[in-house]
Every structure is written in structure tokens, then in C-alpha cells.
Amino acid sequence: MNIRIVLLTALGLAAACDRTTPTAPESPDPVTAKSGGKPRWIAFGTDRTGPFQIWRVKADGGGLQQLTELGENRYPGWSPDARHIVFTSYRDGPAEIYIMNADGNNQRRITHNPTVELQPDWSPNGNRIAFASDALGTMDIHGMNPDGTNWGKIVGFHSSQEIYPSWSPTGRYLAFLSDAGHSQQYTIWVHDFLTGGTWEVEGVPLPIQRVSWSADGTRVVFYYDVDDGYVYTMDVVTFESTILLGGTTLGTHLGTGVDVSGTGDRLAYLGQGVGGAFLASANLDGSNRKILEQSSSYHESPVWSK
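Presented here is an overview of the structure given in this document.

On to the packing of aromatic side chains, then. A full pass over the atoms with the stated rule returns 13 aromatic pairs. Taken together, a centroid distance of 6.5 Å and an interplanar angle of 55° make the contact between Phe-157 and Phe-176 tilted. With Phe-157 in the loop between strand E11 (152-155) and strand E12 (162-167) and Phe-176 in strand E13 (residues 173-178), the pair connects residues that are 19 residues apart, well separated along the chain. Aromatic ring contacts, followed pair by pair, group Phe-222, Tyr-224, Tyr-230 and Tyr-232 into a single cluster. Lying across the ring of Trp-55, Arg-48 places its NZ or CZ 4.8 Å from the centre. The ring of Trp-41 has Arg-56 sitting right over it, with the charged end atom 3.7 Å from the ring centre.

This is the structure we're talking about:
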């Protein structure tokens with residue numbers, strides 16, 4: 001894979017990164033990586049009943065449950081204690097961010113703006129939610145408390161779009177997609193809360209997707225659309241990359257959307273088979289594969305409970 005490294009300063013964008021928004025800074029303090037027993041649930045989006053809705057399924061394939069119904073709802077993200085799900089809803093018009101209990105009850109809106117807010121991701125310590133917003137004119141990455149207060153911009157460049165934030169399990173890094181320097185083609189970038197640095201780690205344009213992380217928080221994990229699809233993993237500091245597995249290994253054509261479990265031993269992924277599109281899980285070497293849900297509908301954004 002031809003990797004082209006482009007640092008933020010090389011693009012001349014350092015000055016364009018707006019760090020003057022009046023807000024308390026995002027916490028740089030790392031927190032303990034995900035631990036405990038195997039994750040119980042995978043939340044995902046699907047249009048199997050009409051407009052996109054959020055569903056969940058147990059890691060063993062049981063308990064399939066639709067969680068949302070009103071309007072269109074997408075991009076789920078789990079709270080660290082797995083008791084709540086943050087998500088994007090279009091039920092009131094423009095995309096806004098909502099939170100609900102893990103079983104779908106008590107759905108409440110936490111952003112109230114005429115602008116677009118979407119693709120939320122909960123920080124590992126539970127204190128902040130990162131999301132994409134065009135509140136300042138272009139799509140940037142913002143952060144807020146889980147109740148919608150203390151809103152502030154984290155990172156964004158002039159004349160480019162930043163979307164799909166994804167916290168590392170340690171809380172030090174925030175991965176996101178940006179089309180900076182690529183004219184509406186997105187690559188992976190990382191923001192380091194400890195040093196304040198922001199850089200591109202993957203210079204090859206990729207399908208639009210939420211990037212996942214290794215359990216130790218040092219490598220991004222992402223889907224690359226070539227042949228039957230591959231899942232790559234890349235160190236965010238050294239840029240060393242490896243193929244985790246491919247669609248050929250799994251005997252299917254992979255779809256856009258992968259997530260590594262908090263325990264680091266399982267991968268949730270999307271694919272296309274004889275019976276239609278499916279959500280499945282497998283060990284990181286492709287063994288012990290299990291289809292969790294399959295239908296003729298479209299699937300997106302699988303994410304393990306913490």
C-alpha cells in the first residue's frame with residue numbers, strides 16, 4: 001500500500017487550525033484503557049425497516065433489537081459504562097445529537113442548533129463527546145459535555161471538512177477524517193491532546209468511515225476498498241502499517257465499517273454474502289467468524305459496547 005505522509009505543517013495548515021474558540025480545553029489526561037469482560041453488544045445502523053435506524057445485537061448474535069423509530073437515526077456511539085448510546089437524529093430537521101439508554105428508552109436531544117451536528121463519539125473517561133459540526137461555517141470537530149454544555153472546537157482547518165471523530169481507548173488521541181489537501185477525498189488524521197499536535201497518518205484517500213483503534217490506543221484500524229476489501233492497522237506515530245485481514249480471508253466482500261472490541265480480540269465488520277448484506281464478528285486473524293445479522297438492507301457504523 002502506497003502511504004504518503006503529509007504533516008500538518010507541510011500543508012501549511014498549522015495557522016489555519018483554530019484553537020482560539022472560547023472554551024475550556026479538552027482534557028489531555030489519558031484514562032485507563034478499556035478492560036473487563038467481553039463486550040456484550042454491537043450497535044449499528046440499518047435501513048431494513050425504511051429510514052436508517054439504530055439497532056443492537058448481542059455479541060453471540062442474540063437479542064437483535066431496534067432502538068429508534070422516529071425520523072432517521074444514525075451513527076451510534078457507546079458511553080464507557082455501556083449504559084447509554086449517543087447518536088445522530090434527523091427527526092426534528094437538521095442533524096442533531098441525542099442520547100438514549102442502551103435499551104432505547106429515554107431518548108433526549110442534547111444539541112439545539114440550526115446547524116448540522118453529527119457522528120458523535122464518547123470519550124473513554126465519559127466526560128466529553130466529540131462530534132462533527134458546521135457551526136463555524138465548515139465541518140470541524142467539536143467537543144461538549146454529555147449534557148450538551150461546554151461546547152468548543154477541538155480541531156478544524158480552513159477550507160476543508162473534518163468528520164467522523166474517534167477517541168483512542170487511552171483518551172490521548174482523537175482520530176478523524178479530513179479532506180485537507182485532497183479536494184473532497186478523505187484521509188485519516190490524528191489530534192494529540194497531550195502535545196497539541198495534529199497530523200495526517202494515512203495519505204491515501206479512503207472510503208468515508210469511522211476509524212477504529214487497537215485496544216492499547218497506539219494504532220488506527222480502518223477499511224480500505226480494494227479487491228474484496230482489507231482491514232488495515234497503522235501506528236499513529238511511526239506510520240508502520242499491516243494488513244489485519246482481507247475479504248478473501250473471510251470469504252466475502254467487506255463493506256465499509258469496522259470496529260475492534262474493547263478487549264482487542266474481536267472485530268465487528270460488514271460484508272456482502274449470498275443472503276445479502278450482513279454484520280459479523282471474527283477474531284483478529286479472521287478465525288471464529290460469526291454472522292450476527294443479515295438482510296437485504298444496507299448496514300453501517302458497527303460499534304462495540306465498551
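Moving on, we come to the environment of Leu-194. Secondary-structure assignment places Leu-194 in the loop between strand E14 (186-192) and strand E15 (198-206). In this structure the C-alpha to C-alpha distance between Leu-194 and Tyr-173, which are 21 residues apart in sequence, comes to 8.1 Å.

With that out of the way, let us pick up the pattern of salt bridges. On inspection of all chains with the given rule, the structure shows 10 salt bridges. We note a salt bridge from Asp-259 to Arg-210, for which the minimum N-O separation is 3.0 Å. Here Asp-259 is found in strand E20 (residues 253-260), whereas its partner Arg-210 is found in the loop between E15 and strand E16 (212-213), with 49 residues between them in sequence. We note that Asp-259, like Arg-210, is buried. Put simply, Arg-219 and Glu-240 hold a salt bridge, and the shortest N to O gap is 2.7 Å. One end of the pair, Arg-219, is in strand E17 (residues 219-224); the other, Glu-240, is in the loop between strand E18 (230-235) and strand E19 (241-246), with 21 residues separating them in the sequence. Ionic contacts of the salt-bridge type, sharing partners, join the residues Glu-72, Arg-74 and Glu-300 into one network.

Right, let's get into the nonpolar core. Val-190, Val-201 and Val-220 are the most contacted members of the largest nonpolar core, which has 36 residues in total. Secondary structure elements with two or more residues in this core: strand E9 (129-133), E11, E12, E13, E14, E15, E17 and E18. Residue contributions to this core peak at five residues, all from E13. By size, the runner-up hydrophobic cluster in this structure holds 13 residues, among which are Val-221, Leu-245, Val-258 and Leu-267.

Moving on to the environment of Thr-263. Positionally, Thr-263 belongs in the loop between E20 and strand E21 (266-273). Among the polar contacts listed, one links the side chain of Thr-263 to the side chain of Asp-265, at a separation of 2.6 Å.

Assignment of secondary structure puts Arg-56 in strand E2 (residues 53-58). Despite its burial, Arg-56 pairs with no opposite charge; the closest candidate is Asp-103, at 5.8 Å N-O. A polar contact is formed between the side chain of Arg-56 and the backbone oxygen of Ala-102, at a distance of 3.0 Å.

What counts and how
Residues numbered from 1 in each chain as written. Predicted model: local features only at pLDDT ≥ 70, side-chain atom pairs only at ≥ 80, totals over all residues. Heavy atoms only, no water. Phe/Tyr/Trp six-rings, centres within 6.5 Å; stacked < 30°, edge-to-face > 60°. Helix = DSSP H or I, 4+ residues; strand = E, 2+ residues; numbered from the N terminus. Lys NZ or Arg CZ within 6 Å of the ring centre and 35° of its normal. Salt bridge = Lys/Arg side-chain N within 4 Å of Asp/Glu carboxyl O. Buried < 20%, exposed > 50% of the residue type's maximum accessible area, 1.4 Å probe, protein only. Core = buried A, V, L, I, M, F, W, Y, C linked by side-chain atoms within 4.5 Å. Polar contact = N/O pair within 3.5 Å; in protein donor to acceptor, adjacent residues only side chain to side chain. Lys, Arg positive; Asp, Glu negative; His and termini not counted.

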